[in-house]
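If you want the building blocks of each chain, they are given just below.
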Amino acid sequence: MPETVVTKENFTKEVEQSDKPVLVDFWAEWCGPCKVLDPIVDAVADEKKDRLAVGKVNVDEQQELAQQFGVMSIPTLILFKGGQPVETIIGVLPKPELEGKLTPHL
């Protein structure tokens, strides 16, 4: 499932105005743990596509967004619901743990 590339220019439309909760993955090309987490996020996104949207923020290209949400280390996942952050997950989690953190918000 292709994720949406989220930028400061489309953040309002893609995240704040989404009719579904949006899981935003803050990552970077050089980040090894981000590459480990990517297929886990993809699998969750695919399985929950009816109830969850997924966006990706490249922190090297979107430093302003990363700063806005206090992203100090990557990978960081922030779940937005109604345009507001409701869950922050830092680091790599196994798929069942990630789903456990997301499910109460879906």
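Structure first, text after, so check above.
Residues numbered from 1 in each chain as written. Predicted model: local features only at pLDDT ≥ 70, side-chain atom pairs only at ≥ 80, totals over all residues. Heavy atoms only, no water.

## Some remarks on the state of the cysteines
Simply put, disulfide is the name for a covalent bond between the sulfur atoms of two cysteines. This structure, assessed with the given rule, holds one disulfide. Each disulfide pairs two cysteine sulfurs, and for Cys 31 the partner residue is Cys 34, the sulfurs being separated by 2.3 Å. Across the S-S bond of Cys 31 and Cys 34 the torsion is about 80°, and the bridge reads as right-handed. Residue classification places Cys 31 among the buried residues on the basis of a relative accessible area of 3%. (Disulfide = S-S within 2.5 Å. Buried < 20%, exposed > 50% of the residue type's maximum accessible area, 1.4 Å probe, protein only.)

## Quick look at the packing of aromatic side chains
One pass over the full model with this rule turns up four aromatic pairs. Ring geometry for Phe 11 versus Phe 69: centroids 5.3 Å apart, planes at 35°, classification tilted. Here Phe 69 lies in the loop between α3 (63-68) and β4 (76-81) and Phe 11 lies in helix α1 (residues 11-16), a separation of 58 residues in the sequence. Its relative accessible area of 5% is what places Phe 11 among the buried residues. Judged by its relative accessible area of 22%, Phe 69 is partly exposed. Residues Phe 11 and Phe 80 carry aromatic rings whose centres are separated by 5.5 Å and whose planes lie at 80° to one another, so their mutual orientation is edge-to-face. Here Phe 11 is found in helix α1, whereas its partner Phe 80 is found in strand β4, with 69 residues between them in sequence. Phe 80 carries the same exposure label as Phe 11, and that label is buried. By the ring-pair criterion, three or more aromatic residues cluster together here, those being Phe 11, Phe 26, Phe 69 and Phe 80. (Phe/Tyr/Trp six-rings, centres within 6.5 Å; stacked < 30°, edge-to-face > 60°. Helix = DSSP H or I, 4+ residues; strand = E, 2+ residues; numbered from the N terminus.)

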